[in-house]
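# Results of the structural survey
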Amino acid sequence: MSPARNGVVEERPPVVEQRSSPGDHAASWRRNLSFGRIGAVYVLIGMVILFSIWIPETFPTAATVRQILNNYAITALAALALIVPLSAGVFDISTPYVMSLSGVITAYCIVHGVPLPVAVTIAIAASLAIGFVNACVVVGLRIESLIATLATGSLIQALITLVTSDIPINDARLTEGFSHIAQSGIGNVTLPVFYVLIVGLAIWCLQEYTTVGRRLYATGFNKEATRLAGVRTERLRFFTLLTSATLAGFTGVVLAASLGSGTPTAGTPYLLPAFAAVFLGATQFKEGRFNAPGTVLAVLIIGTGVTGLGLANAPSWAGSMLTGVILIAALALTGVQRRTTRTGRAKA
Amino acid sequence: MSPARNGVVEERPPVVEQRSSPGDHAASWRRNLSFGRIGAVYVLIGMVILFSIWIPETFPTAATVRQILNNYAITALAALALIVPLSAGVFDISTPYVMSLSGVITAYCIVHGVPLPVAVTIAIAASLAIGFVNACVVVGLRIESLIATLATGSLIQALITLVTSDIPINDARLTEGFSHIAQSGIGNVTLPVFYVLIVGLAIWCLQEYTTVGRRLYATGFNKEATRLAGVRTERLRFFTLLTSATLAGFTGVVLAASLGSGTPTAGTPYLLPAFAAVFLGATQFKEGRFNAPGTVLAVLIIGTGVTGLGLANAPSWAGSMLTGVILIAALALTGVQRRTTRTGRAKA
Amino acid sequence: GSDSSSTDGGSSTAGASDATIAEAQTLLDKARTRPTQIPTQEPVGKPIPAGKTLSFISCGNEDCTNQAKVVKQATDILGWKLIVHNTDGTPPTLKSAFDQVVREQPDGLIYNATDRSLINSELLELERLRIPAAACCILQKPGRGITFVSEGPGDEIAKGKVMAAWFVVDSAGKGSTVYVDIPDFKILAPLGDGYIDESKRLCPDCSAERLEIPFTSLGKDAPNRIVSYLRAHPDVKYVALAIDQIGTGLPAALKSAGLGDVKLIGESPTATSYQYIRSGLQSVTAVYDMYGDMFAQVDAVARALVDAPQVESSPNVWLVDKDNILDDEGVFPMVADNNEQYAKVWGK
Amino acid sequence: MEMVALSDPGSAPAADDVLAVRGLSKTFGGTYALRGVDLTVRAGEVHGLVGHNGSGKSTLIKLLAGFHHADDGAQAWLDDEPFDLADSGDARHDRLRFVHQDLGLVLELSAVENLALHATRAHGEQRVRRADEERFTRELLARFGVELDVHRPLGEASPVERTVVAIARALRAWEGGRGLLVLDEPTAVLPDEEVDRLFQIVADVRAQGTSVLYVSHRLDEIFRICDRVTVLREGRVVATADVATLTKSRLIGSILGEEGERETSRPHLAAAPGLPLLEVRELSGRYLDGASLHIHRGEILGLAGRPGSGRDELPYALAGVLPHPVAGSFRMDGDADWRDFAHGEHPESVLLPADRGSEGVVREFSVKENLTLSVLDRLGVRGALSRGRESRFAADWLTRLEVRAETPDAPITTLSGGNQQKVLVGRCLAQEPALLMLCEPTAGVDVGTRHALYELIARQAAEGLAVLVSSTDADDLLAMCTRVLVFDHGTVVRELTGSAITEHALVHAMEEDEEEQS
Ligand SMILES: Nc1ncnc2c1ncn2[C@@H]1O[C@H](COP(=O)(O)OP(=O)(O)OP(=O)(O)O)[C@@H](O)[C@H]1O
Ligand SMILES: Nc1ncnc2c1ncn2[C@@H]1O[C@H](COP(=O)(O)OP(=O)(O)OP(=O)(O)O)[C@@H](O)[C@H]1O
Ligand SMILES: [Mg+2]
Ligand SMILES: [Mg+2]
């Protein structure tokens, strides 16, 4: 039977008022552009205006835009790698270590004469293998993801030391063809920026336009109910850890190319900024859901702030200060706006 | 009204069968000593036996015990600082920064001639102030604690740079009376070990034998239900952030005393080990609840492993490897045992 | 310097011969004398124009912050303007700072410890713009955008030899020693080679080993790792530190492990290690001449600007112990009238 | 128990059986939830499944859904063909549709997404067709007479709306014909008129040739829509019978394992004379719009009204726990001063929240810890907690409330929903309040417990407790209340007292009001 065919209750009026009718485009746009949705965008705009007034010669230029994009692309990639597991409620804090490992492996292979495409493939395959181990530990042994990946992170660190003895791998060959992966570009915008676009878009599509993406969110919100709905949540969680490791592996290759060396600790500085970006991003665009555009926006905001301060020759503490203030401001704006909207609606 | 006075249902037999009579001590002990409860203890014992066979001259000695205790006391203190907020569901990842700040402030004061007790008081008061800021941001502005304290951590970093220009504070005065706070001791066991005992015991009592402790756990598990049950959850969450900052401040003073200097980045290396210890600890003794003895045990385990490997002249990667393996082994043992017990009982 | 109070200079049978000990003693006596002349004596010979702009890229740690202050003294002598670009030492901020330098096109650049592969394109761009760049503490040779390198590998080997001489003399050619290395810092490798090779040359029967600890253990468990090594090797009584930062907290750890008789030989002192030397907790340290280093780089830029030829020079070496340590706090020039001597070289 | 079993439960399935299960058992940690259950659902019938709290109804359903794994030895047939209960990927599972207890929805997702979550699995569709989904959702929900913002998270929707979404989800893309729709306590939080609507749907489903397995603690509903009924007690089937052959009292007897019915009549309570305990003036919130009321000591005041009428918001507003601002004033015991809600003040009271799962129990806590959460201060001296006193206190209350639990230290989640509810009521009563506010006190509670709760509360009221009951279940109001306020559009529109409180009057009051408005 199709419930659509029987009009059981047509005579009753709707009990709940329709808060926003679908046709009301203006209202829906207004909602989409509200602080509550995109508080961070307003913070970004505010910052751009401020810096443009403060340092009018150097800040509002195309060069600044390029500088920000080029220099924060890898942070953005590192953050994007975290989105898929996080949206399924899985913390993967081994990604910075995977980044280091994959960079070191690529460099090692290239220095030992392995052709570039093969070297990159090996590195990403190794990352995938790490992802598999992560998944087995988290899903198979049912260990809480945060601490499980902390543990595997430690294992990866051991592996890195084993391979490199903690000595960065440097070689002339690393500054040649290999470095083009990160350092060449189109019109002074380097390739990693395009990788961010591609990866971000792919994640966005996955989350918005595929059933897997939706099931991932559902798993993250309520694993039990999602399993009751017939979704294979454990399989999904397994998959997310493969994704994050693979993406982290790729990011590691790009990072190594941009450094022109295989550095054993290259990934670790990205841990906290990446998590900050993802969490800040989750408050933007799709309130409460980890998402790619929000994450990229968050990275841009921090990048703009720090770069602007650099151009203004601000003292070195100003950068950390601004990062903290931006985070709090963007989150508070988003939160406050959301609360007042609710209250307003309640009164209406 | 008192429930005792009205016998609504007296005519019915009580349905609650007491399955384990209080006299059944043996069974209760057996349960308390099972892998599922204290998997980590067995891992620790196994490790001690292994190292004692491997390096019989140097490992099974009082000196090794002292070495482990003395060298991991500060890690344990840093981990203990995290327990109270975590049990109320609050992440405070600013504690390492508070540690640095408080150490720097103490050193600064002492170098500028402030008497030791006053200097320590100032440092701890400053930490408390930071805790207050954290609490305002998390509870007042209602920002998710993980990212809020990431943001305040960044602010604290800025503060530290502002005060020290990132230059460690050193002075003869710091290696005198001040250093006794961390470096003197009783029979070669240094004072920080006793601090761990005191702080750990205090937290244990708070969590097990006070109403506040119970309410903290309830808040962490289900804030909404706890609030509706009449508990002032926001006030509790506020309080937890004051606790963690104060404890971190104290730990920072001890760390500075043990280093004999006010180092601007002294706290940061403790972030991940402390979290690992707390999470591993939460699987021990009180399954699923963050607790002090479990945390201290976790630190001991890692400390024993790393120290044992050092004595055995293992290569430097072996330490990270072992840390990872221990974490996974302890968690898996605890988890597997718990599951098989259930299944076993089901089959019986 | 006087005859070393810390050597007994007695007759020895095993280990080193009297001849080699005498050779070491000679080397040591020279090194314990405070240098009085800057390495570069050759005047520039042409007038150096005032009003130039020099950029300095700071890596955000203690050394870099101090270096900026020293460079400022040099530019003040020359009547130049100094722009300090603050970074936190991570690749994105470093790269961003170099980008900015390229955009701002100052008259010269000074930077340190940044691998060429990260900033290859910027260096080539600077070369194209004919902007001289001087660097310290890098493994690369001058060329392709790098005008001048101070503190190259050869200088490090020389320093290691002097440290070895101290060990051989102090132990009267009968000791065992360990060199604690941080492989992450590749520039430190030649120092270790110099130390170990020279120890073995002067004293063929002495044992000289290398202990590698990861960079991440600094300020955390580095002392514990060293204590473990020493307990496993009870005959080793001399510990050479690749940088004095490793030794922070080490004396306390040694004391509580009952290893108070172990002697520390350091390099690149920190304020903490000066303090240790004054209180007898550390034996000696090889001073890093920050003034000489920075002034040499400014000198190189100045010569490049007036098309004067660059001069090769080796930095001074100075070994400091309790007896010849200065009362200065913080950073001081190794050559007391360093600034005046350079002013003369520059014709100011 | 002399109920007639109409089919031999042990036999192999007959041709017109849609679902047959034989020898189904399930143990959780050594405790039997189900033992050797046989169940047969015939084609086109509505089959009731009843039993006391914790009798194993939901467990049976979760086994059918493949969510739990049955103990060895169970057999199952769907349309005469054996099928594997453990294999939830089995295509035949598509002919089994479920609405689980507590609905199994993801509250952070919107209606569209919840509907899609389920449907996409069956059809292997990989792409999200947003427009189709939205249109489909709107149509579907419109047919059920509910219009909610399909893009808002379901957490912001009312319980009724959520129930409808869950049912709509179960029936999505259903072609009719042989199959089974399983409804586990779908009416637990539904008001009567919504129940009617649900029954229309059930009737439609049945008219399409689909069978329905229907779980409820509201026995009237069993008599209204079921053809046959199976009774579970302590995990065993005690009877399967034709509803036409049964009386309500025999069914209750069968559920409780006793002869005869425990009929409670409405308590004859007299409101304490004198000034009211609490007077409330012009209370406004999100739904409330200037409601005024008063309550005396010893009175059980019922609140009726459709969801969104303000009836369900009122207890939360009085308890001062709403996130949004509340306007209005109140005074206690006829004080001279009226105090203002807008100033953050609220009357002293104790609240039993409506949603047991998210607002009531702390899942990680034991039964004991849940019970004592609100009264910890009384179990120790100056913040120190006396373990012994707590244990004695808990054991005392659990006995009093007849909670079926292994030990007071067992996790609360091992209790059935009804037993969890008893623990929560215990938590409230233990606080010895002057004013007790109960929201949906008997949602998912079995008849035995329900009557025990009614008696318990009446007893407390007789001792001077003022009780406010907000319920979608008319039985609660009929059985307990001495006075009922009917809400609509945020204000009180009717007041019924004493014998005027009848089911008819309640329904009439709400409907009449509806007509006036339109
Ligand atoms: N997780 C669990 N672990 C152990 N026992 C459990 C668990 N969940 C439920 N039980 C036990 O199973 C029995 C039945 O509980 P269940 O929730 O199925 O009851 P129910 O029939 O649905 O009752 P209600 O009408 O109250 O919802 C109870 O006695 C309960 O103690
Ligand atoms: N996951 C579980 N683990 C352990 N025991 C469980 C679990 N689920 C249910 N039980 C137990 O199984 C028994 C049957 O529970 P079930 O939920 O089926 O009862 P029910 O009849 O649905 O009750 P209610 O009417 O309260 O919903 C109960 O004793 C319950 O405590
Ligand atoms: Mg049930
Ligand atoms: Mg139930």
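Everything in this summary refers to the structure shown in the same document.

Cut-offs and rules
Residues numbered from 1 in each chain as written. Chains lettered and ligands numbered in written order. Predicted model: local features only at pLDDT ≥ 70, side-chain atom pairs only at ≥ 80, totals over all residues. Heavy atoms only, no water. Helix = DSSP H or I, 4+ residues; strand = E, 2+ residues; numbered from the N terminus. Expected span 1.5 Å × (residues − 1). Near = heavy atom within 4 Å. Polar contact = N/O pair within 3.5 Å; in protein donor to acceptor, adjacent residues only side chain to side chain. Areas by Shrake-Rupley, 256 points an atom, 1.4 Å probe, with all protein chains shown as cover. Phe/Tyr/Trp six-rings, centres within 6.5 Å; stacked < 30°, edge-to-face > 60°. Buried < 20%, exposed > 50% of the residue type's maximum accessible area, 1.4 Å probe, protein only. Patch = residues over 30% accessible without salt bridge, like charges linked within 9 Å, V, L, I, M, F, W, Y side chains within 5 Å. Salt bridge = Lys/Arg side-chain N within 4 Å of Asp/Glu carboxyl O. Pairing = 2+ DSSP bridges. Axes fitted to C-alpha atoms, helices over the stretch in contact; angles between N-to-C directions. Contact = heavy atoms within 4.5 Å. Disulfide = S-S within 2.5 Å.

A separate point is helix 6 (residues 145-164) of chain A. For helix 6 of chain A, spanning 20 residues, the distance from its first C-alpha to its last is 28 Å, which sits close to the expected 28 Å at 1.5 Å a residue. Trailing helix 6 of chain A by a residue or two, Ser-165 of chain A shows a phi angle of about 50°, which is positive.

All right, on to the site of ligand 1 then. Residues and elements named next belong to chain D. In the vicinity of ligand 1 there are 18 residues, among which Asn-53, Gly-54, His-217, Thr-414 and Gly-418 approach most closely. Between ligand 1 and the protein, one listed contact pairs an oxygen atom with a side-chain N or O atom of Lys-57 at 2.8 Å. Contact with the protein chains removes 81% of the 630 Å² of surface that ligand 1 exposes when unbound. Elements supplying a minimum of two residues to the shell around ligand 1: helix 1 (57-64) and helix 12 (417-430).

The next subject is the packing of aromatic side chains. For the structure on display, the rule yields 32 aromatic pairs over all chains. Both rings, one in Phe-132 of chain A and one in Phe-238 of chain A, keep their centres 5.6 Å apart while their planes meet at 75°; by these two values the pair is edge-to-face. Here Phe-238 of chain A lies in helix 11 (residues 233-259) and Phe-132 of chain A lies in helix 5 (residues 116-140), a separation of 106 residues in the sequence. Residue Phe-132 of chain A is classed as partly exposed on the basis of its relative accessible area of 45%. When the ring of Tyr-195 of chain B is compared with that of Phe-250 of chain B, the centres are 5.2 Å apart and the planes differ by 70°; the resulting orientation is edge-to-face.

This part is about a nonpolar patch on the surface. All names here are of chain A. The grouping of Tyr-42, Ile-45, Ile-49 and Ile-53 at the surface amounts to a nonpolar patch, some 390 Å² of accessible area in total. Along the polypeptide, Tyr-42 turns up in helix 2 (residues 35-54). Take Tyr-42: its relative accessible area is 33%, and that puts it in the partly exposed class.

Attention now moves to the sheet that holds strand 3 (residues 46-51) of chain D. Residue and element names in this part refer to chain D. Within the open sheet, the 6 strands sit side by side as 6-7-8-3-9-10. Their pairing is mixed. Among the strands making up the open sheet, the edge pair consists of strand 6 (96-99) and strand 10 (236-242). Direction aside, neighbouring strands of the sheet carry axes that sit 15° apart on average. With 4 bridges joining them, strand 6 and strand 7 (residues 180-184) adopt parallel strand pairing. In the strand pairing of strand 7, Val-99 is matched with Leu-183. In the packing of helix 1 onto the sheet, contacts are made with strand 3, strand 6, strand 7, strand 8 (211-215) and strand 9 (228-233), and the angle to strand 3 comes to roughly 130°.

Looking now at the state of the cysteines. Enumeration according to the criterion identifies 1 disulfide over all chains in this entry. At a sulfur-sulfur separation of 1.8 Å, the disulfide partner of Cys-203 of chain C is Cys-206 of chain C. Around the S-S axis, the bridge from Cys-203 of chain C to Cys-206 of chain C shows a dihedral of about 75° and counts as right-handed. For the pair shown, Cys-203 of chain C and Cys-206 of chain C are each scored as buried. Free of any disulfide, Cys-428 of chain D has its nearest cysteine sulfur in Cys-439 of chain D, 9.4 Å distant. Residue classification places Cys-428 of chain D among the buried positions, given a relative accessible area of 3%.

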